[in-house]
Amino acid sequence: MGLYRTMAIAAVTLAGVMAGSLSPHPLGAGTAHAEPMQGGTLNSTLWPEPPGIIIGVNLNAPTLLPATKMFEGLLTYDFNLSPEPVLAKSWEVSEDGLTYTFHLRDDVKWHDGEPFTSEDVVYTLTEFIPEVHARSRPTFARAEVTAPDDYTVVLTLKEPYGPMIRSFDAIGAPMMPAHIYKGTDIRNNPANRAPVGTGPFKFSEWKSGEYIHLVKNDDYYLENRPYLDEIYYRFIPDSASRALALELGQVQLATQNDIELVDVDRLEAMPNLEVTTKGWEWGAPISWLEMNVRREPFDDVRFRKAVMYALDHEFIRDNIFFGWAAIPTGPIHSSSPFYTDDVVTYPYDQEKAKALLDEMGLTPDANGVRAKIGLLGLPYGELWDRLSQYIKQSLGEVGIEVTLEASDVAGWGSRIANWDVDMSTTYLTTLSDPALGVARSYITENQKQGVLFTNTSGYSNPEVDRLFAAAASEPNPDKRMEMYHEVQKIIADEVALAWLVELQWPTVHSANLKNVVRNGLGPNDNFAEAYFESE
Amino acid sequence: MSFFRRFAQNRGALVGLAVLFVIVLIAIFTPMVSSADPWKSLGRPLTPPGAQFPLGSDMLGRDVLTGILFGARISLLIGILSAVVSALIGVTVGAVAGFFGGWVDDVLVRITEFFQTIPSFIFAILLVAILTPGLTSIVVAIAVVTWPPIARLARAEFMTLRRREFVEAAVLSGVSQPRIIVREVLPNAISPLIVMGSLTVATAILTESALSFLGLGDPNRISWGYMIGASRTVFRQAWWLSVFPGLAIVSTVLAINLVGEGLNDALNPHLKGRVGVQ
Amino acid sequence: MRHLGFVAGWVVKAFVVVLAITILNFFLIRMAPGDPAIVLAGEAGAADEQFMAQVRQDFGLDKPLPVQLAAYVGNVLTLDLGQSYRAQRPVVDMLFERLPATLLLTGTAYLFALIVGPLLGALAAMRSRTVFDSALMVVALFFYATPIFWVGLLLILVFSVNLGWLPPFGMQSLIPVSGTLNHVLDVARHLVLPALTLGLFYVAVYVRLTRASMLETASLDYVKTARAKGLPEWRVATAHILRTALLPIITFAGLQAGHLVGGAVVVETVFAWPGIGRLAFDALFQRDYNLLLGVFLLSALMVVFFNMLTDIFLRIADPRIGGNS
């Protein structure tokens, strides 16, 4: 079916113009060789058609891709997630980690010609985000925001908060025009269908069922940028059709789940196409098998370890994700600066799995069955179905009989959120900082029945809670690092979740399209620097 | 002419019967005889038909032939179960409406018409999704959208028979109404209903395949429609994944239709060729 | 007066159907697990209590069921089908945006079938029990017994993948062609395969129906009389048999016309055709209640409307059908 797999999970942001420099910084794929060409039309796939294109009001992946071309944040983040300037030309963080001062560019105009000032920043952080942005709401609730003058903004925190500096990208904190939104009903503002931002591309047209059309912002504050004249985001509902459109050159860019992984090798071999997996560092998606530890036998850590040993992670990587994945060792993505591989690992070993089950007293009955459990697979299409079937098959081989439970997205989400499930598969972005995207799945405080993407497994360990809390407000980076290493060791040893793969979403683009992926935000960069090579 | 002679006169029906017989044997005996597991990965994914995999392997390196053989059981099972449930609903509604007439008939005809007004396939999708995909929900959904034509046929038959003398006589002699319906009228109305029921099996198999193709099959049971749907994204590269399970569906449905026509010729000589189209 | 009563009867009927379908669907859909708040949260990859409550409040899902039902029925009767949860746009707009594509596809397939099907069926009946007849019936039975999606996939394999003659998906080229004529040709090229897929199934139905109907009519007494009078066979076939035999075909065609919109789900899915059927499928999986109810109502109304047309047509064609059946 392949229709719904793209729904999910967040992505990334913006921008990518180095401070004080107008030259492109070709960091990732799409490194420049020939002369950049001014002009040209970029056609990109986008699926499914987004519900809206205002970040915050919607946070779907298909919302973000076009929206990040029109809206910008104060900062963006490189492949190592270090901040780079966008709307803020410079910034300082006080020694005690309590005061953040941003100096804004003074040459930025909204698409309607109004100047961009500190009033817009204050409005965005204190009114817009608290009202609609489900993910950033708690982050900015920690800060008091003031504007000493038109081009300076100061955030004051009550206690240090590690992830704060990684929260100012166009997805986490997209700057919104106060003169259009202030005092209005944000969700029903007419500008939601004809957005006014500061980005290098302006909204032109949204033809339902066909495309979103963006055109070059001629008044963009960087000289001679953007290169491209226009971008079409085309809605093509079928993945085979999207691959064909790429092959034929009808579209020049596809990313995330748009191309079936089985197709990617074939596309990569074509001379007119290039593939990169960089650019999802900000999102850092990890897929896992979640076991409801409120129920037997999942409450026994030996059972969870047995499950890990019974799964051949290499098979999953190579035959289900066709090599476009990596094997995770624990809760933190290997691209994160806080990652450590110094943890307990679980190489494929059916005998060990059986031994652990024996030790628990789960011995095989006459049919060789030790335990019967249900698995609710992620209903995002055939790849995830095959993953469920593989899990059923593998666990069956060590005597755990798995029944697959079918569902659609609504049923799946509802059952997981309400803890009404044995095991489930999912994937989640772990985001730019463990405090933002990792802690939520493991800390006791975040067990919120009825709410998706919380700690739905029911895992609870006071030491883990303490470490996550301390690390979030620890101003010293080295100490933060130590705490996160410690927490990874504990969580990996207790198999809080059975991690399956780190997803490596391929971005497939025409070989002559450059600067597509130039920082940690990948295809959610603002594309001011993207260009076609002149022939 | 005897039933069998009339049936055997239809050569298509004989061919259909032979094919159907083989498929039924496969459905019954494959899981009993074979120790193979249709879900188990046996080799390289997407291997074309050849020595290792006669009909190729799928995206997880599973054998397509094994899948088709095991799929026969679920496809036939769903087809037959749905037709039986559908016939139970349809014959009950039709019999009651046709036998009693009057306001009962009015109400039941309105209900039947209402169900015929609902776009049936979308309705089936909706039912399966709401009841969550599984054997039961698929059977229920197919039965719910296929019973109205059976009810109409049953009603027409019962209305005609109700006025026949032997029924009138039974009524006058005080036999209870349910007893008359089941003992007197039904046996006389059964021939066209059997033909229609057999064709409903074919419709049910087609509907099940379409539901599975759209991803609404039972995830724990391999079926032909599921095999095609699951491989849709690679059907350009791996034609064998869609072509062979499709052939299995076509042969089965074709065979059932042929047998249905033969039954029609044999049971309802006066209706030759009539019931083929619903 | 008789006509007035007839029309009034149909209006009442349509009204009852709309009401019944509204209520039925309202309860069916709410029986399903999960609600739009969960779907939206799932898509966003983020959620908190405030977000979930906000969505439920926005769509009135926090109110008691009877209140929701009353509000919904009231709105439907004033032709306000509400907002799509996911697209955040009026359902009526979305339906009318997609309807032309579906009508184009199903209309083409329908016309194709209505012309080719009875024609072939009549030919087969006239040459009953010849090789031509047998061959045609085998082919018809084949398409009658084949899953539509499978025919679609095979046509794509042959005509798009192997021969490269026709586009495999969509309704027009990604990069629009210039000029009205070119645009029409472009859409026509995209239309061929899906319309053929859908049409072949209908053709099979009409071939079988026409042949059966003609053979039955041919055995009737007045036809035998005509033949006995020495009328040429083609005249018997056209003037006597076909006219009578057409009635069941018209009846069936009328019934079928109403079901065209709902019947295109699978074909629209296979060919990525941007029509109503596909919209319904997407809406279902996203628990977009209002949108789904809209599709249902629209398709059911089509059925009622075409049933009425058929009824009228049959009354004109055959005055024997009178009164209220």
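Residues numbered from 1 in each chain as written. Chains lettered and ligands numbered in written order. Predicted model: local features only at pLDDT ≥ 70, side-chain atom pairs only at ≥ 80, totals over all residues. Heavy atoms only, no water.

1. Regarding the overall build of chain A
So the rule is basically this: Each helix corresponds to a stretch of at least 4 residues labelled H or I by DSSP, and each strand to a stretch of at least 2 residues labelled E; elements are numbered beginning at the N terminus. The globule rule used here is 2.2 Å times the number of residues to the 0.38 power, and the radius of gyration it is set against is calculated over C-alpha atoms. To sort residues, take the accessible area from a 1.4 Å probe on protein chains only and compare it with the maximum for the residue type: under 20% means buried, over 50% means exposed, and anything in between is partly exposed. By definition, residues are in contact when any of their heavy atoms lie within 4.5 Å. Under the convention used here, Asp and Glu are negative, Lys and Arg are positive, and both His and the chain ends fall outside the count. Every charge is mapped to an atom, namely NZ of Lys, CZ of Arg, CG of Asp or CD of Glu.
Of regular secondary structure, chain A possesses 14 helices and 22 strands. For 535 residues, the compact-globule estimate of 2.2 N^0.38 gives 24 Å, and the C-alpha radius of gyration of chain A, at 23 Å, lies within 12% of that figure. Sorting the 535 residues of chain A into buried and exposed places 67% on the buried side. Of the contacts formed within chain A by residues at least 6 apart in sequence, a portion of 74% connects residues at least 24 apart. If the 42 positive side-chain charges of chain A are averaged to one point and the 75 negative ones to another, these points end up 3 Å apart.

2. Concerning the interface of chain C and chain B
Accessible area lost during the coming together of the parts is what is often quoted as the interface size. Note the following rule: What gets called buried area is simply the loss in accessible area from a 1.4 Å probe that two parts show on being joined, summed for both. What makes a salt bridge here is a side-chain nitrogen of Lys or Arg within 4 Å of a carboxyl oxygen of Asp or Glu, nothing more. Here a polar contact is taken to be a pair of N or O atoms separated by no more than 3.5 Å, where protein atoms must pair a possible hydrogen donor with a possible acceptor and residues adjacent in sequence count only if both atoms sit in side chains.
Listed as interface residues are 50 residues of chain C and, on the opposing side, 45 residues of chain B. Taken together, the two surfaces of chain C and chain B that pack against each other cover about 4000 Å², and 79% of this comes from carbon and sulfur. The largest per-residue losses of area from chain C upon contact with chain B belong to Phe149, Trp150 and Phe296 of chain C, which jointly make up 15% of the total buried on that side. For the interface between chain C and chain B, the tally reads 2 salt bridges. The shortest N-O distance in the salt bridge between Glu261 of chain B and Arg208 of chain C comes to 3.2 Å. Put simply, chain C and chain B have 3 residue pairs in polar contact (both at pLDDT 80 or more) between them. Of all the secondary structure elements, the ones that give two or more residues to the side of chain C that touches chain B are helix H1 (2-31), helix H6 (131-144), helix H7 (148-162), helix H8 (180-218), helix H10 (233-263), helix H11 (265-270), helix H12 (276-285) and helix H13 (289-317) of chain C. A total of 9 residues in the side of chain C that touches chain B trace back to one element, the largest contributor, which is H1 of chain C.

3. Some points on the interface of chain A and chain B
Here is the rule we go by: Three categories are distinguished: nonpolar for Ala, Val, Leu, Ile, Met, Phe, Trp, Tyr, Cys and Pro, charged for Asp, Glu, Lys and Arg, and polar for the others, with Gly belonging to the last.
Contacts between chain A and chain B engage 25 residues on the former and 23 residues on the latter. Carbon and sulfur atoms make up 53% of the area that chain A and chain B hide from each other, which totals about 2100 Å². At the boundary of chain A and chain B, one finds 1 salt bridge. Between Lys40 of chain B and Glu397 of chain A there is a salt bridge, with its nearest N and O atoms 2.9 Å apart. Scanning the region where chain A abuts chain B turns up 7 residue pairs in polar contact (both at pLDDT 80 or more). Residue assignment for the side of chain A that touches chain B shows that the elements contributing at least two residues are helix H5 (239-247), helix H6 (261-268), helix H8 (313-320), helix H10 (382-397) and strand E17 (400-405) of chain A. Of the residues belonging to the side of chain A that touches chain B, the class tally is 10 nonpolar, 6 polar and 9 charged.

4. Notes on the confidence of the model for chain A
Residues and elements named next belong to chain A. Under the convention used in this document: For every residue, the predictor assigns a confidence score, pLDDT, that lies between 0 and 100.
Summing up the model confidence of chain A, the mean pLDDT is 89 and the portion of residues at 70 or higher is 93%. Per-element confidence in chain A is highest for helix H7 (residues 301-310), whose mean pLDDT is 97, and lowest for helix H11 (residues 409-417), whose mean pLDDT is 82. Long-range and interchain partners of residues 1-32, a stretch whose pLDDT sits below 50, account for 148 contacts in this model, where long-range means more than four residues apart.

5. Some details on the environment of Arg234 of chain A
Looking at where Arg234 of chain A falls in the secondary structure, it is placed in strand E11 (residues 230-234). Along the primary structure Arg234 of chain A and Ser208 of chain A are separated by 26 residues, whereas in three dimensions their C-alpha atoms are 10 Å apart. Once you skip the residues sitting within four places of it in the chain, Arg234 of chain A turns out to touch Asn43, Ser44, Thr45, Leu46, Glu210 and Tyr211 of chain A together with Leu174, Ile175 and Pro176 of chain C.

6. Some points on the sheet that holds strand E16 (residues 371-376) of chain A
Residue and element names in this part refer to chain A. This is how the line gets drawn: Any two strands with at least two DSSP bridges between them are considered paired.
Read across the open sheet, the 6 strands follow the order E15-E19-E14-E18-E16-E17; overall the sheet is mixed. Only two strands of the sheet have a single partner each, and these edge strands are strand E15 (325-326) and E17. Pairing geometry for strand E14 (residues 285-291) and strand E18 (residues 423-429), over 7 bridges, is antiparallel. If you follow Met291 over to E18, its bridge partner there is Met423.

7. With respect to the pattern of salt bridges
Applying the stated rule across the entire model yields 36 salt bridges over all chains. For Asp133 of chain C, the salt bridge goes to Arg211 of chain C, with nearest N and O atoms at 2.7 Å. Separated by 78 residues along the polypeptide, Asp133 of chain C in helix H6 and Arg211 of chain C in helix H8 bring together distant segments of the chain. Residue Arg211 of chain C is classed as buried on the basis of its relative accessible area of 18%. Shared partners join several salt bridges into a network, and the residues in it are Arg295, Glu405, Arg415, Asp420 and Asp422 of chain A.

8. Looking at the sheet that holds strand E5 (residues 88-93) of chain A
Residues and elements named next belong to chain A. In plain terms, the rule: Helix axes are fitted to C-alpha atoms over the stretch in contact, other axes to C-alpha atoms as well, and angles between N-to-C directions run from 0 to 180 degrees.
The strand order across the open sheet formed by 4 strands is E5-E6-E8-E7, and the pairing between neighbours is antiparallel. Both edges of this open sheet fall to E5 and strand E7 (143-149), since each of them pairs with a single strand only. Strand-to-strand twist across the sheet, computed as the mean angle between neighbouring axes with direction ignored, equals 20°. As judged from the 5 bridges shared by E5 and strand E6 (residues 99-104), these two strands associate in the antiparallel manner. The residue of E6 that forms the bridge with Ala88 is Leu104. With respect to the sheet, helix H2 (residues 118-132) is in contact with E6, E7 and strand E8 (152-157), its orientation differing from that of E7 by roughly 170°.

9. Details of the environment of Leu42 of chain B
Residues and elements named next belong to chain B. Structurally, Leu42 can be placed in the loop between helix H2 (11-33) and helix H3 (64-100). On the accessibility criterion, Leu42 (49% relative accessible area) is partly exposed. Counting along the chain gives 15 residues from Leu42 to Ser57, while the straight-line C-alpha distance between them is 8.5 Å. With residues up to four places along the chain from it excluded, the contact list for Leu42 reads Gln52, Phe53, Gly61 and Asp63.

10. A look at the nonpolar core
Soluble globular proteins: nonpolar side chains tend toward being buried together. Rules: Think of a nonpolar core as a cluster: buried Ala, Val, Leu, Ile, Met, Phe, Trp, Tyr and Cys residues, connected wherever their side-chain atoms sit within 4.5 Å. A domain assignment, automatic or from a database, supplies the domain bounds used here.
In this structure, Leu74 and Leu155 of chain A are the most contacted members of the largest nonpolar core, which totals 330 residues. In terms of residue count, helix H10 (residues 240-267) of chain B provides more of this core than any other element does, 14 residues in total. Structurally, this core is a two-domain feature, drawing no fewer than three residues from each of domain 1 (18-77) and domain 2 (99-288 + 303-324) of chain C. Listed in part, the 10 residues of the second largest apolar core include Ala95, Phe99, Leu161 and Ile181 of chain B.

11. A closer look at the packing of aromatic side chains
What counts, and what does not: Stacked, tilted and edge-to-face are the three classes applied to pairs of Phe, Tyr and Trp rings, where Trp contributes its six-membered ring and a pair requires centres within 6.5 Å; stacked means planes under 30 degrees apart, edge-to-face means over 60, and tilted covers the rest. As a reminder, the over-ring test applies to NZ of lysine and CZ of arginine, requiring each to be within 6 Å of the ring centre and within 35 degrees of the ring normal.
Considering all chains together, one arrives at 30 aromatic pairs over all chains under this definition. When the ring of Phe115 of chain B is compared with that of Phe123 of chain B, the centres are 6.3 Å apart and the planes differ by 55°; the resulting orientation is tilted. Assessed through its relative accessible area of 4%, Phe123 of chain B is described here as buried. Between Phe201 of chain C and Tyr202 of chain C, the aromatic rings sit 6.0 Å apart at their centres with planes inclined by 55°, giving tilted as the arrangement. Accessibility expressed as a relative area gives 24% for Phe201 of chain C, which makes it partly exposed. Grouping aromatic residues by their ring pairs yields a cluster made of Trp280, Phe321, Trp384, Tyr427 and Trp505 of chain A. The lysine or arginine in question, Arg294 of chain A, covers the ring of Trp419 of chain A, its NZ or CZ lying 3.6 Å from the ring centre. The ring of Phe99 of chain B carries Arg162 of chain B above its face, with NZ or CZ at 4.8 Å from the centroid.

12. Re the packing of helix H5 (residues 120-130) of chain B against helix H6 (residues 135-162) of chain B
All names here are of chain B. Short version of the rule: Roughly parallel means an angle under 35 degrees; roughly antiparallel means over 145; roughly perpendicular covers 65 to 115; every other angle is labelled oblique. A crossing counts as left-handed when the near helix is turned anticlockwise from the far one by less than a right angle, and as right-handed when that turn is clockwise.
As a packed pair, H5 and H6 sit with axes 9 Å apart at the nearest point and diverge in direction by 155°. With respect to H6, the axis of H5 lies roughly antiparallel. Regarding H5 and H6, the two cross each other, and that crossing is right-handed. The residues of H6 that touch H5, namely those facing Ser120, Phe123, Ala124, Leu127 and Val128, are Ser137, Ile138, Ala141, Val144 and Val145. For the contact of H5 with H6, a count of residues per class yields 8 nonpolar, 2 polar and no charged.

13. Things to note about helix H13 (residues 462-472) of chain A
Turn by turn, an α-helix covers 3.6 residues, leaving residues three or four places apart pointing in a common direction. Residues and elements named next belong to chain A. Our working definition: When we speak of the arc, we mean the arc of directions from the helix axis to the C-beta atoms.
If you check which residues of H13 are buried, you get Val464, Leu467, Phe468, Ala471 and Ala472. Angular distribution of buried residues about the axis of H13 spans 125°; they occupy a single face of the element. Contact partners of the buried residues in H13: helix H12 (434-437) and helix H14 (477-494). The N-capping residue of H13, defined by a side-chain oxygen 2.9 Å from the backbone nitrogen of Glu463, is Asn461.

14. Describing the packing of H7 of chain A against helix H9 (residues 350-360) of chain A
All names here are of chain A. At a minimum axis separation of 8 Å, H7 and H9 run at an interaxial angle of 160°. Taken together, H7 and H9 sit at an angle that is classed as roughly antiparallel. The handedness of the crossing between H7 and H9 comes out as left-handed. Each of Arg302, Phe303, Lys305, Ala306, Tyr309 and Ala310 in H7 lies in contact with H9, whose residues at this interface are Gln350, Lys352, Ala353, Leu356, Leu357, Glu359 and Met360.

15. What to know about a nonpolar patch on the surface
All names here are of chain B. We count it as follows: Patch building starts from residues that exceed 30% relative accessible area and form no salt bridge, then joins like charges within 9 Å and nonpolar side chains (Val, Leu, Ile, Met, Phe, Trp, Tyr) within 5 Å. A 1.4 Å probe and the Shrake-Rupley method give the accessible areas. Residues count as covered only by the protein chains that appear here.
A cluster of nonpolar side chains, contributed by Phe21, Val24, Leu25, Ile28, Phe29, Met32 and Val33, occupies part of the molecular surface with about 670 Å² of accessible area. With respect to the helices and strands, Phe29 occurs in helix H2. The class of Phe29 is partly exposed, set by a relative accessible area of 39%.

16. Quick word on H6 of chain A
For H6 of chain A, the set of buried residues is Leu261, Val262, Asp263, Val264 and Leu267 of chain A. Among the structural elements, H5, strand E13 (273-276), H10 and strand E20 (507-510) of chain A are those in contact with the buried residues of H6 of chain A.

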